[in-house]
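Working through the structure, step by step
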Amino acid sequence: MSRLISLIRPLAILAVALLLAVFMVKSRPQLEARSVSIPPPIVSVQAVAKGTQSVRVMAHGNVTAWRQLELTAQVAGEVLWKSERFEPGVVVEEGEPLLRIDPTDYELALAEANQALSSAKLSLAEAESLRQAARVEEAEASVAAAEVRILRAKRDLANTEITAPYAAVIDEQTVELGQFISVGTRLGRVLGADKAEIRLPIPPQDIRFIQDIDNARVTLHGESAGDTRSWEGGISRVEARIDTQTRAFPVVVEVENPLDTAVHSAPMRFGLFVRAEITGGSVPSAVRIPQAALHGDNDVFVYVDGVLQRRSVTVVRVSAEGALVTEGLADGEQVVVTRLDLMFEGMAVALSDV
C-alpha cells in the first residue's frame, strides 16, 4: 500500500501544478491589439520648368606662347657685347638689341665690295666709250656681280647685331660675352609676348556646344602671385584632328597681350595652369536636374499623388552642373531629387517641407 502511495504522489503534484498553470494563463488580462503605421520616406522634388539652358564647358590647359623662335648666328665672330636684358624671363621689345658680333671682317668685306663696284663701273665706261661690245658685256657682268657682293656684305654686317624679332620673352640664352661663335650657332630662344595660347582638350560629347566660336565666351582662371585671377579670351580654332590618346578635340583659346597689366588685372605668364569656362552653346526646351535624380543613364522618378512613378527621359548632357533633359518630362511635374537606398515604381513617399 505504501508503495502505491509513493507512485501516486508525484503524479498528483504534477497534476496540481498543471492546473495552477492553466488557471494563471486564463486569469491573465487580454492584450489590446494595436496597428503600427510606418511613416513613408521623405523626399525633395524639383518642379519642371523647361526653357533654353546655356551650356558651360569646363577644361584645363597650360598657357603657351603662340609663336617661338630659335635665335641662331648668321655670321661668325667674337661676341663683343651682350645686353643685360638678354636673360631668361626678361620681356624685350621688338627690335631691341641683344648681341653684337665683331663687325671688322664684314666692314672690310663691304669696303672691298664697294671698291670692286667702282672698278667695274670704270671699266664699263671705258668699254662703252671705245664701243667695244665684248668688253661692255664683260664689264656689265662685273658691275652686276659687284652690286650683289655689296648686298651680301651689307646683309652680313647687319647680321652682326642680333635684335628681338618681335615683342618677346627670353626663354633661353646660350651664349656669353667673349665667346667665338660660328654660323648656325644657337644663341637662345624667344617666345612671342603679344599673344598667348591655351590648348584645351574637349570631350566628344561637349564639342558640339562650342562650334560657334565667334560667339563663344571664354573665362580663364588661374593662380597668379598667390591669388586666383581671371582673364578673358576667345576661341581661335577647333583643330581638325582628334587626340589619339584621349580622343578629345583640341580647342585653342587665345589671349591678346597676356603680359600687359593695362589690359589685364595681372599678367598671364607662360606655363601657368588654368581652368577654362567656355560659354556659348545652349539647349532649347530643356530642364536641368541634379545628377542624383538620374537612375541609370536615362531614368528618373516623378512624384505623383504620394507615390513614385519611374520615367524614361532623354538626357543630352551630364556635367558637374547637372543633367540636361529635353524629353520625357512636362512642365509642372515634380522630379524627385532625393536618392533613397530603395526606390521603386508605386512606392509611397512624402514631400519634404524644405
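All figures in this text were calculated on a predicted structure; none of them were measured in a lab.

1. Looking at the packing of aromatic side chains
This structure, assessed with the given rule, holds zero aromatic pairs. Above the plane of the ring of tryptophan 66 lies lysine 195, whose end atom (NZ or CZ) is 4.4 Å from the centre.

2. A few points about helix 2 (residues 104-129)
Here helix 2 contains 26 residues, and its C-alpha end-to-end distance of 38 Å stays within 8% of the 38 Å for a straight helix at 1.5 Å per residue. Every buried residue of helix 2 is accounted for by Tyr106, Leu110, Ala113, Leu117, Ala120, Leu124 and Ala127. Within two residues after helix 2, arginine 131 carries a phi angle of roughly 55 degrees, on the positive side.

3. Examining the sheet that holds strand 10 (residues 180-181)
Read from one edge to the other, the open sheet built from four strands follows the order 8-7-5-10, with strand pairing classed as antiparallel. Pairing within the sheet leaves two strands with one partner each, and these edge strands are strand 8 (161-163) and strand 10. The pairing of strand 5 (residues 77-82) with strand 7 (residues 97-101) spans three bridges and is classified as antiparallel. Its bridge partner lying in strand 7, tryptophan 81 is registered against arginine 100.

4. Some words on the environment of threonine 160
Along the chain, threonine 160 falls in the loop between helix 3 (133-158) and strand 8. Judged by relative accessible area, threonine 160 falls into the buried class, the value being 7%. In the structure, threonine 160 is positioned 87 residues away from alanine 73 in sequence and 8.4 Å away in space, judged by C-alpha atoms. When near neighbours in sequence (up to four residues on either side) are disregarded, threonine 160 contacts Val75, Leu99, Arg100, Ile101, Asp102, Pro103 and Tyr106.

5. Description of the confidence of the model for the protein
Considering every residue of the protein, the mean pLDDT works out to 89; 89% of them sit at 70 or more. The least confident element of the protein is helix 1 (residues 2-27), whose mean pLDDT is 66; the most confident is strand 7, at 97.

6. Thoughts on the pattern of salt bridges
All chains considered together, the criterion is met by 24 salt bridges. We note a salt bridge from arginine 189 to glutamate 70, for which the minimum N-O separation is 3.2 Å. Of this pair, arginine 189 sits in strand 11 (residues 186-192) while glutamate 70 sits in strand 4 (residues 68-72), and the two are 119 residues apart along the sequence. On the accessibility criterion, arginine 189 (17% relative accessible area) is buried. Of the charged contacts in the structure, one is a salt bridge between arginine 217 and glutamate 232, with a shortest N-O distance of 3.8 Å. Highlighted residues: arginine 217 in strand 13 (residues 217-224) and glutamate 232 in strand 14 (residues 227-238), separated in sequence by 15 residues. Through salt bridges with shared partners, one network takes in Arg56, Arg275, Glu277, Arg288 and Glu321.

7. Let's talk about a negative patch on the surface
A surface patch of like charges, here negative, comprises Glu128, Glu137, Glu138 and Glu140. Counting residues per element, the negative patch draws most heavily on helix 3, at three residues. Take glutamate 137: it is sitting in helix 3. Owing to a relative accessible area of 59%, glutamate 137 belongs among the exposed residues under this scheme.

8. Description of the environment of valine 307
Looking at the element boundaries, valine 307 is found in strand 18 (residues 307-312). Residue class for valine 307 comes out partly exposed when judged on its relative accessible area of 28%. For valine 307 and alanine 350, which are 43 residues apart along the polypeptide, the C-alpha to C-alpha distance reads 8.1 Å.

9. With respect to the sheet that holds strand 11
Ordered in space as 4-11-9-6, the four strands form an open sheet in which the pairing is antiparallel. Either end of the sheet is taken by a strand with one partner, and the two such strands are strand 4 and strand 6 (91-92). Where strand 9 (residues 168-173) meets strand 11, five bridges bridge the pair, whose relative direction is antiparallel. Following the sheet pairing, glutamate 172 is matched in strand 11 by arginine 189.

10. Some thoughts on the nonpolar core
Grouped together as the largest cluster of nonpolar side chains are 28 residues, with contacts concentrated most on Ile198, Ile202, Leu220 and Ile278. Listing elements by their share of this core, those giving two or more residues are strand 3 (51-65), strand 12 (195-202), strand 13, strand 14, strand 15 (249-256) and strand 16 (273-289). If you tally residues by element for this core, the top one is strand 16, at five residues. What isoleucine 198 contacts, discounting residues up to four positions off in sequence, is Gly61, Asn62, Val63, Leu220, Val251, Val252, Val253, Val255, Met268 and Val274. Leu71, Val79, Ile101 and Ala164 belong to the second largest nonpolar core, which has 19 residues in total.

Conventions we followed
- Residues numbered from 1 in each chain as written.
- Predicted model: local features only at pLDDT ≥ 70, side-chain atom pairs only at ≥ 80, totals over all residues.
- Heavy atoms only, no water.
- Phe/Tyr/Trp six-rings, centres within 6.5 Å; stacked < 30°, edge-to-face > 60°.
- Lys NZ or Arg CZ within 6 Å of the ring centre and 35° of its normal.
- Helix = DSSP H or I, 4+ residues; strand = E, 2+ residues; numbered from the N terminus.
- Expected span 1.5 Å × (residues − 1).
- Buried < 20%, exposed > 50% of the residue type's maximum accessible area, 1.4 Å probe, protein only.
- Pairing = 2+ DSSP bridges.
- Contact = heavy atoms within 4.5 Å.
- pLDDT = per-residue confidence, 0-100.
- Salt bridge = Lys/Arg side-chain N within 4 Å of Asp/Glu carboxyl O.
- Patch = residues over 30% accessible without salt bridge, like charges linked within 9 Å, V, L, I, M, F, W, Y side chains within 5 Å.
- Areas by Shrake-Rupley, 256 points an atom, 1.4 Å probe, with all protein chains shown as cover.
- Lys, Arg positive; Asp, Glu negative; His and termini not counted.
- Charge placed at Lys NZ, Arg CZ, Asp CG, Glu CD.
- Core = buried A, V, L, I, M, F, W, Y, C linked by side-chain atoms within 4.5 Å.

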